[in-house]
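Coordinate analysis (summary)
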Amino acid sequence: MIFKTPTKHFFVFGTSEGYTMLNAFDGALLDAGIGNTNLVKMSSIVPPHCKLVDHIKLPQGSLVPVAYASICQAEPGVTLSAAVAAAYPEDESQAGLIMEYSAPARKDIVEKHVRAMAEKGLERRNLKIKEIRSIAVQTIVESIGAAFAAVVLWD
Amino acid sequence: MIFKTPTKHFFVFGTSEGYTMLNAFDGALLDAGIGNTNLVKMSSIVPPHCKLVDHIKLPQGSLVPVAYASICQAEPGVTLSAAVAAAYPEDESQAGLIMEYSAPARKDIVEKHVRAMAEKGLERRNLKIKEIRSIAVQTIVESIGAAFAAVVLWD
Amino acid sequence: MIFKTPTKHFFVFGTSEGYTMLNAFDGALLDAGIGNTNLVKMSSIVPPHCKLVDHIKLPQGSLVPVAYASICQAEPGVTLSAAVAAAYPEDESQAGLIMEYSAPARKDIVEKHVRAMAEKGLERRNLKIKEIRSIAVQTIVESIGAAFAAVVLWD
């Protein structure tokens, strides 16, 4: 094994305006409470027995594996939404699945869609679903806006 | 050093249909036998003395460094191919090079192209090539399809 | 914590032509002196007390967290630039911020822009700026060209 397998996870989300798209993204990370860490994007599994916890204050600059959805646009008036869902199997020795989705659409639509994605993903694994957890966030762009939702993995 | 340097590697590939593009991608990972891990994408070196091994069953949810090509499309009837090639130098104290390529094209074309990419990359390093290994996979899209090929690094 | 937090960082940049866009990117990494490592892209913080050092010769094939800007194009005659900037706060117990920007534009324009991005990012954190460091590089495309600039984190 190259990396330690995560033993904890939690959900975060945020929105922001910014000077550029990358600044808006950075602002959304700050709003989500993880703006001073180094996100390493990964595809998208909750390891077996990985505990759902409250938001952990991460050390500044630490490298953090994360599954996320984000969307940035520079069209004033547009609604942007980002959402993540985790589907947990009944059999706790099996991994859960995280899905990410973002779109220029309302939050309820985006969240419903990402939940269906997670459900289909666990069905394909022939696993009975114990629970699906999701979060979603929306923002209406003023100038340059971003929405961000994530599952953070930690140890 | 932040991370351990990989000592083993192996090739995988898969294809899938899915409910969304991300579900098709997830299905292709499952088909490739690495769908229950957390892929961390990296650019694309075989460390010196990193052994080519048979497919290792990776722990569920583990973080896995991987060099990959993938392509997802929602156009029925289109052929999608993904391929990776690793060029190994004669001088085994030197690193090998992985190249990735995907396109809406036939597998033989995509594989030939990615092999040429790996060859050119090692030539640029002024290294004599001992061997080029590659894999490629194709699928014809029914509704929403994905093709995926990767070199997985491990320890 | 899953990964070690980086304690050192340094700036690199490079340009290249290549057989394909990925080969040009690979060539730019070689030109930057990090072409034989496995880059893991991350968003984009300088941890507190993370020292700025001279270019470290990294072990071949090692996994390297890096914040980077890159741009590849196949339009002969076009000027491509890539730049990164790090804004360091006066309060050294706080993290610094890295911003990345690339565009088909002159290097001075791209560098000025990325410096402004880093400045705005630290302002949003209500931190006084001690210093902004940046590098930028440009190339004029002959056939298929790439420009690359990065902050490499290490331990």
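Read on for an overview of the structure. Since this is a predicted model, take the numbers as computed values, not measurements. (Residues numbered from 1 in each chain as written. Chains lettered and ligands numbered in written order. Predicted model: local features only at pLDDT ≥ 70, side-chain atom pairs only at ≥ 80, totals over all residues. Heavy atoms only, no water.)

What follows deals with the overall build of chain A. Of regular secondary structure, chain A possesses 2 helices and 9 strands. Along chain A, helices (α) and strands (β) appear in the sequence β-α-β-β-β-β-β-β-α-β-β when read from the amino end. Computed over C-alpha atoms, the radius of gyration of chain A comes to 15 Å, within 12% of the 15 Å expected from 2.2 N^0.38 for 155 residues, which places it in the range of a compact globule. Projected onto its principal axes, the C-alpha coordinates of chain A cover approximately 45 × 35 × 25 Å. Counting only residues that meet the buried cut, chain A has 58% of its 155 residues in that class. About 6,100 Å² of surface is accessible on chain A, with carbon and sulfur atoms providing 48% of the total. Between the centroid of the 15 positive side chains of chain A and the centroid of its 16 negative side chains there is a distance of 5 Å. (Helix = DSSP H or I, 4+ residues; strand = E, 2+ residues; numbered from the N terminus. Rg over C-alpha atoms; globule rule 2.2 N^0.38 Å. Buried < 20%, exposed > 50% of the residue type's maximum accessible area, 1.4 Å probe, protein only. Areas by Shrake-Rupley, 256 points an atom, 1.4 Å probe, with all protein chains shown as cover. Lys, Arg positive; Asp, Glu negative; His and termini not counted. Charge placed at Lys NZ, Arg CZ, Asp CG, Glu CD.)

The next point concerns the pairing of strand β1 (residues 8-17) of chain A. Residue and element names in this part refer to chain A. Relative to strand β9 (residues 145-154), β1 runs antiparallel, the two being bridged by 10 bridges. From the neighbouring strand, His-9 faces β9, where its bridge partner is Leu-153. Direction of pairing for β1 relative to strand β4 (residues 51-52): parallel, over a ladder of 2 bridges. The partner of Lys-8 across the bridge, within β4, is Lys-51. (Pairing = 2+ DSSP bridges.)

A few words on the sheet that holds strand β1 (residues 8-17) of chain B. Residues and elements named next belong to chain B. Spatial ordering of the open sheet is given by β2-β5-β9-β1-β4, a layout of 5 strands whose pairing is mixed. Of all strands in the sheet, those bounded by a partner on one side alone are β2 (38-41) and β4 (51-52). Relative to strand β9 (residues 145-154), strand β5 (residues 63-73) is paired through 8 bridges, and the arrangement is antiparallel. Each bridged residue has a counterpart across the sheet, and for Val-66 the counterpart in β9 is Val-152. Along the sheet, helix α1 (residues 21-31) makes contact with β1, β2, β5 and β9, crossing β1 at roughly 135 degrees. (Contact = heavy atoms within 4.5 Å. Axes fitted to C-alpha atoms, helices over the stretch in contact; angles between N-to-C directions.)

Overlaying chain C on chain A yields an RMSD of 0.0 Å, the required transformation being a rotation through 120 degrees with an accompanying axial translation of 0.0 Å. One copy is carried onto the other by what is essentially a three-fold rotation axis. (Least-squares fit on C-alpha atoms with pLDDT ≥ 70 in both.)

For an interface, size is often stated in terms of accessible area lost upon the parts coming together. Facing the 30 residues of chain A at the interface are 32 residues of chain B. When the two sides are added together, the surface that chain A and chain B hide from each other amounts to roughly 2,400 Å², 63% of it contributed by carbon and sulfur. In this structure, the salt-bridge partner of Arg-125 of chain A is Asp-26 of chain B, at a minimum N-O distance of 2.7 Å. Where chain A packs against chain B, one counts 12 residue pairs in polar contact (both at pLDDT 80 or more). Per-element tally for the side of chain A that touches chain B: the top contributor is helix α2 (residues 107-124) of chain A, with 6 residues. Taken together, the residues that form the side of chain A that touches chain B break down as 17 nonpolar, 7 polar and 6 charged. (Buried area = accessible area lost by both parts, 1.4 Å probe. Salt bridge = Lys/Arg side-chain N within 4 Å of Asp/Glu carboxyl O. Polar contact = N/O pair within 3.5 Å; in protein donor to acceptor, adjacent residues only side chain to side chain. Nonpolar A, V, L, I, M, F, W, Y, C, P; charged D, E, K, R; others polar.)

Glancing now at the interface of chain C and chain A. Counting residues at the interface gives 30 residues for chain C, matched by 32 residues for chain A. Taken together, the two surfaces of chain C and chain A that pack against each other cover about 2,400 Å², and 63% of this comes from carbon and sulfur. When the area that chain C buries against chain A is broken down by residue, the three leading residues are Met-1, Ile-2 and Phe-3 of chain C, summing to 30%. At the boundary of chain C and chain A, one finds 1 salt bridge. Taken together, the links from chain C to chain A amount to 12 residue pairs in polar contact (both at pLDDT 80 or more). If you list the elements that add at least two residues to the side of chain C that touches chain A, you get β2 (38-41), β5 (63-73), β7 (96-103) and α2 (107-124) of chain C. For the side of chain C that touches chain A, the leading source of residues is α2 of chain C, giving 6 residues. Its residues assigned to classes, the side of chain C that touches chain A comprises 17 nonpolar, 7 polar and 6 charged.

All right, on to the sheet that holds β5 of chain C then. Residues and elements named next belong to chain C. The 5 strands lie next to each other as β2-β5-β9-β1-β4, forming an open sheet whose pairing is mixed. Here the strands that pair on one side only, and so sit at the sheet edges, are β2 and β4 (51-52). Sheet strands touched by helix α1 (residues 21-31): β1 (8-17), β2, β5 and β9 (145-154). Its angle to β1, the strand with the most contacts, is close to 135 degrees.

The next subject is α1 of chain C. Those residues of α1 of chain C not exposed but buried are Asn-23, Ala-24, Phe-25, Asp-26, Gly-27, Ala-28 and Leu-29 of chain C. Where α1 of chain C is buried, its residues contact β7 (96-103) and α2 (107-124) of chain B together with β1, β2, β5 and β9 of chain C. Looking one or two residues beyond α1 of chain C, the residue adopting positive phi is Gly-33 of chain C, at roughly 85 degrees.

With respect to the helices and strands, the residue Asp-26 of chain C is situated in helix α1. Given a relative accessible area of 7%, Asp-26 of chain C falls into the buried group. Those residues in contact with Asp-26 of chain C that sit more than four places away from it in its chain are Leu-97, Met-99, Gly-121 and Arg-125 of chain B together with Gly-35 of chain C.

Each α-helix winds once per 3.6 residues, and so residues spaced three or four apart point in a common direction. The end-to-end C-alpha distance of α2 of chain A, which contains 18 residues, comes to 26 Å, matching closely the 26 Å that a straight helix rising 1.5 Å per residue would cover. Of all the residues in α2 of chain A, the buried ones are Val-110, Glu-111, Val-114, Ala-116, Met-117, Ala-118, Gly-121 and Leu-122 of chain A. At its buried positions, α2 of chain A is contacted by β6 (79-89), β7 (96-103) and β8 (129-140) of chain A together with α1 of chain B. Positive phi appears at Asn-126 of chain A, one or two residues downstream of α2 of chain A, with a value of about 55 degrees. (Expected span 1.5 Å × (residues − 1).)

Here we take up the nonpolar core. Core analysis: the largest hydrophobic core is formed by 131 residues, its most contacted members being Phe-148 of chain A, Phe-148 of chain B together with Phe-148 of chain C. Grouped together as the second largest cluster of nonpolar side chains are 17 residues, Ala-83, Val-110, Ala-118 and Leu-122 of chain C included. (Core = buried A, V, L, I, M, F, W, Y, C linked by side-chain atoms within 4.5 Å.)

The next thing to look at is unusual backbone geometry. Residues and elements named next belong to chain B. Phi is positive for Asn-126, which is not a glycine, with a value near 55 degrees. Counting through the fold element by element, Asn-126 comes out in the loop between α2 and β8 (129-140). Classification of Asn-126 as exposed rests on a relative accessible area of 72%.

For the pair α2 of chain B and α1 of chain C, the least separation of the axes is 10 Å and the interaxial angle reads 20 degrees. Between α2 of chain B and α1 of chain C, the crossing angle belongs to the class labelled roughly parallel. Pair α2 of chain B / α1 of chain C crosses with right-handed handedness. Within the contact between the two elements, α2 of chain B uses Met-117, Lys-120, Gly-121 and Arg-124 of chain B and α1 of chain C uses Leu-22, Asn-23, Asp-26, Gly-27 and Leu-30 of chain C. Residues that form the contact of α2 of chain B with α1 of chain C fall into these classes: 3 nonpolar, 3 polar and 3 charged. (Parallel < 35°, antiparallel > 145°, perpendicular 65-115°, else oblique. Left-handed = near helix turned anticlockwise from the far one by under 90°.)

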